[in-house]
Amino acid sequence: MMSPDEPETAPDDALVVCRDAALTFGRGANAVVAVHGAHLRVRAGDRLAIVGPSGSGKSSLLHLLAGLEQPTSGTVTRPALTGSQDIGTGTKPDDRQSAPESDIRRDIGLVFQGDSLIPALDVVENTALPLVLAGVPDADARRTALAALAQVGAEDLAERLPEEISGGQAQRVAAARVLAQAPRLILADEPTGRLDHTTGGHVLDALLRAADHTGAALVVTTHDPAVAARLSTRLAMRDGRLLTAETTGDPQDTTEEAS
Ligand SMILES: Nc1ncnc2c1ncn2[C@@H]1O[C@H](COP(=O)(O)OP(=O)(O)OP(=O)(O)O)[C@@H](O)[C@H]1O
């Protein structure tokens, strides 16, 4: 396990590294520390579940990993992703830097809670969107999207609008979108949260397949132990604190030692 302060002699192969990364919302008496100094290292091939009760900070940590939030203190870096840079070394919110733009858009696939599909686009257009935004020609993006929808058993939904499909089908489409995108890092926030056991299992299957297919890392937040059990490494979160990893299968070096 490498200390964050150790000099690195070889190029860092980690996709995301959190070093003492904290996230506080609000100020003064209203401040809520959603994440306390988290140390975490995610590498290609990792299968990581972040498990904890509601309000423990799982989504906030995932937002830090995604670059959707910048750390209030500490750093989040992406050494092995395209266009990586230190994106958060500020000590107060005003010092936060803006997230990197399109360079990492293709490298990180997001599956978030709630309605993540764009209402005006049909299912295949939604599925193809990350590819189109990354500059892939429309016809190629559509072909890839249709193949991804077929992999999650949703090809018959291709021409429907999001309002014409169920919540479970929408989560399957969100998984297909990640399959099509083939990112190097997949971040999924409660991807099975609103689904029955069977449909949730299908969505998780699709995410695991997407990650296996490309060798991507997969990080899933969940409060469901059955979902967590399908990932090889489990990290518990309690009151904003990331606790030690529990690992099955091959040992993985996931948590960084505190400095
Ligand atoms: N935008 C925000 N503004 C203020 N406080 C927030 C904000 N987002 C989250 N919080 C607070 O930060 C803490 C952690 O929230 P977070 O959503 O990360 O937890 P969670 O474990 O993902 O919960 P859930 O399982 O219910 O989604 C909570 O106390 C929450 O109220």
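From a predicted model like this one, the values you see are computed outputs, not experimental measurements. (Residues numbered from 1 in each chain as written. Predicted model: local features only at pLDDT ≥ 70, side-chain atom pairs only at ≥ 80, totals over all residues.)

## With respect to the sheet that holds strand E4 (residues 73-77)
Let me state the cut-off plainly: Pairing between strands requires that DSSP locate at least two bridges from one strand to the other. Secondary structure follows DSSP: runs of H or I at least 4 residues long count as helices, runs of E at least 2 residues long count as strands, and numbering of each begins at the N terminus. Every axis corresponds to a line fitted to the C-alpha atoms, with the helix fit spanning only the stretch in contact, and the corresponding angles, defined between N-to-C directions, vary from 0 to 180 degrees.
Across the sheet, which stays open at both edges, the three strands sit in the order E2-E1-E4 with antiparallel pairing between neighbours. The outermost strands of the open sheet, each flanked by one partner alone, are strand E2 (32-43) and E4. Pairs of neighbouring strands in the sheet enclose a mean axial angle of 15°, with direction left out of account. By the bridge criterion, four bridges tie strand E1 (residues 14-25) to E4 in an arrangement that is antiparallel. Each residue of the ladder has a partner; that of Val-17, found in E4, is Thr-77.

## A short note on the site of the ligand
To keep it simple, the criterion reads: Here, nearness means that the C-beta atom of a residue, built from backbone geometry, sits within 6 Å of the molecule or strand in question.
If you check the shell around the ligand, you find 13 residues, and the closest are Phe-25, Ala-34, Ser-54, Ser-59 and Ser-60. Mapped onto the shell around the ligand, the elements with two or more residues apiece are E2 and helix H1 (58-66). Per-element accounting of the shell around the ligand gives the leading share, three residues, to H1.

## What to know about the pairing of E1
Where we set the bar: Around each residue's C-beta, the other C-beta atoms within 10 Å are counted; 20 or more make the residue buried, 12 or fewer make it exposed, and counts in between make it partly exposed. All C-beta atoms are placed from the backbone.
Here E1 lies mainly inside the structure; nine of its 12 residues are buried. Where E1 and E2 come together, eight bridges link them in antiparallel fashion. Along E2, the bridge assignment pairs Ala-21 with Ala-38. Connecting E1 to the next strand, E2, in antiparallel fashion are six residues, including Gly-26 with a positive phi near 75°.

## Section: the nonpolar core
To be explicit about the condition: Note on terminology: a nonpolar core is any set of buried Ala, Val, Leu, Ile, Met, Phe, Trp, Tyr and Cys residues joined through C-beta atoms within 7 Å. A residue pair is marked as a contact if its C-beta atoms, positioned from the backbone, fall within 7 Å.
Core analysis: the biggest nonpolar cluster contains 69 residues, and Ala-175, Ala-176, Ile-186, Leu-187, Leu-207 and Val-219 have the highest contact counts within it. Setting aside anything within four residues of it in sequence, one finds Leu-207 in contact with Val-111, Ala-175, Val-178, Ile-186, Ala-188, Pro-191 and Leu-218.

## Observations concerning unusual backbone geometry
Notably, Asp-20 is not glycine yet its phi reads approximately 50°, a positive angle. Structurally, the position occupied by Asp-20 is in strand E1. Judged by the 16 C-beta atoms lying within 10 Å of it, Asp-20 falls in the partly exposed class. Located in the positive-phi region is Ala-182, a residue other than glycine, with phi close to 50°. Its place among the elements puts Ala-182 in the loop between helix H4 (167-181) and strand E6 (185-189). When the 20 C-beta atoms within 10 Å are taken as the criterion, Ala-182 is described as buried.

## Comments concerning helix H5 (residues 197-214)
Put simply, the test is: To estimate how far a helix should extend, the number of its residues minus one is multiplied by 1.5 Å.
In this model H5 runs 26 Å from its N-terminal to its C-terminal C-alpha over 18 residues, within 8% of the 26 Å that 1.5 Å per residue would give. Positive backbone phi, approximately 75°, marks Gly-215, located one or two places after H5.

## Here we look at the environment of Pro-162
Tracing the backbone through its elements, the reader meets Pro-162 in the loop between helix H3 (138-151) and H4. Note on Pro-162: 19 C-beta atoms within 10 Å, which makes it partly exposed. When the C-alpha atoms of Pro-162 and Asp-122 are compared, they prove to be 6.5 Å apart, with 40 residues separating the residues in sequence.

## Looking at the packing of H4 against H5
Heads up, the rule is: The scheme is simple: roughly parallel for angles under 35 degrees, roughly antiparallel for over 145, roughly perpendicular for 65 to 115, oblique for anything else. Note that Gly is not counted as nonpolar here; it falls among the polar residues with everything else outside the nonpolar set of Ala, Val, Leu, Ile, Met, Phe, Trp, Tyr, Cys and Pro and the charged set of Asp, Glu, Lys and Arg.
Remark: H4 packs on H5, axes separated minimally by 9 Å, with the N-to-C direction vectors making an angle of 5°. Taken together, H4 and H5 sit at an angle that is classed as roughly parallel. Of the residues in H5, those touching H4 at Gly-168, Gln-171, Arg-172, Ala-175, Ala-176, Val-178 and Leu-179 are Thr-199, His-202, Val-203, Ala-206, Leu-207 and Ala-210. Looking at the contact of H4 with H5 residue by residue, the class counts come to eight nonpolar, four polar and one charged.

## Re the packing of H3 against H4
The test is simple: For any helix crossing, the convention is left-handed if the near helix is rotated counterclockwise from the far helix by under a right angle, and right-handed if that rotation is clockwise.
Two elements in contact, H3 and H4, have axes whose closest approach is 8 Å; the angle formed by their N-to-C orientations is 130°. One element, H3, and the other, H4, form an angle in the oblique class. Note that H3 runs across H4; the crossing there is right-handed. Of the residues in H4, those in contact with Thr-144, Ala-145, Ala-148, Leu-149 and Gln-151 of H3 are Ala-176, Leu-179 and Ala-180. Across the contact of H3 with H4, the residue classes break down as six nonpolar, two polar and no charged.

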